[in-house]
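Here is what each chain is made of, one letter per residue.
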Amino acid sequence: MISGLDNRSDQVGRNLMDHLTEEVVGLFGKPVFPFRGPQSTLSIETFRDGDWRRTTGAFRMTVGNDGWGRFESPSAALDKLMWDPAGQRLKRYGQDLRDKLADRVTRMMRIGYSTEQLPDPANRVTLSDQRDALDVPRPKIAFKVDDYSKRALAYGHSVARRIWQHMEDTAGARAVEPLQPTLKYNGAGHHMGTTRMGTDRSTSVVDADGLSHAHANLWVVGSSVFPTGSTANPALTLAALTLRTADKLASTL
């Protein structure tokens, strides 16, 4: 963008995507000892296909192994147990505090869901009039969530609540938050799109090997070439595309 490269397709910077995520957190009926091992212990992949996809985005679910994730850290749990809501009076200390903290943190569990987001040309990155300390234009981001993704978030919440309800009935678990669907979603940090690949140079930026349609010596490597986002984390696909581009670039050189 800063270089003013050929953008006759008007696709550079467009179709910015992420995986919109939300979670339902609660306390399991007995200790599950999170924070040991991988961030998530299993996933549910059955909500990627079906006739409902015509109107509602796909999503994948994970059982988190990082307590309540971004919802409440162990240090935040400690603060809540120690101080009254106004933070003025010490409620607990000593063995009582240790016991309450151990009881809460060891039973923390979250069921998260990451939703598909359709490519939308209006979701894009352009250059701002503002500049940073190095006099480089700051990015300006336009980003909205359409009804397709909102329905996926609501569907994911309903499934997570049903799982928690089953655990409440069978394992003494208790869902805590949110009990009703919200749109207080997080981004997964899975940045995709903005230099989409394709065979038609009028609707894409690079070809299947990551070579720019407009410039014979410009290659783009990364998840920015994704034409769609699906539901899965982009890392493996990104790595595969990188290896393919590297092989093609090596043979070309």
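Sequence positions are assigned chain by chain, starting from 1 and proceeding in written order. Given that this is a predicted model, residues contribute local features only at a pLDDT of at least 70 and side-chain atom pairs are listed and counted only at 80 or more, while totals for whole chains, interfaces and linings are drawn from all residues. In computing side-chain properties, one takes all heavy atoms of the structure into account and sets aside hydrogens as well as water.

**Focus on helix α1 (residues 74-82)**
Where we set the bar: Partly exposed describes any residue whose relative accessible area lies between the buried limit of under 20% and the exposed limit of over 50%, with all areas from a 1.4 Å probe on protein chains only and scaled to the type maximum. Only DSSP runs of H or I covering at least 4 residues are called helices, and only runs of E covering at least 2 are called strands; the numbering of each starts at the N terminus. Relevant arc is that of directions from the helix axis to the C-beta atoms, nothing else. By definition in these notes, contact holds between two residues if any of their heavy atoms fall within 4.5 Å.
What α1 keeps buried is the set A77, L81 and M82. Down the axis of α1, the smallest arc covering the buried residues is 130°, so these residues share one side. Taken together, the buried residues of α1 touch α2 (94-105) and β5 (108-115).

**Brief notes about the packing of aromatic side chains**
Counted only if it meets this: Geometry of aromatic contacts follows a simple scheme: Phe, Tyr and Trp rings, the Trp one being its six-membered ring, pair when their centres are within 6.5 Å, and the pair is stacked under 30 degrees between planes, edge-to-face over 60, tilted otherwise.
Evaluated as defined, the whole model comprises 6 aromatic pairs. With 5.7 Å between their ring centres and 80° between their planes, F47 and Y155 make a pair best called edge-to-face. One end of the pair, F47, is in the loop between β3 (40-44) and β4 (59-64); the other, Y155, is in helix α3 (residues 147-171), with 108 residues separating them in the sequence. Under the relative-accessibility criterion, F47 is labelled buried at 16%. Centroid distance W52 to Y155: 5.2 Å. Interplanar angle 85°. Geometry classified as edge-to-face. Of the two residues, W52 sits in the loop between β3 and β4 while Y155 sits in helix α3, which places them 103 residues apart along the sequence.

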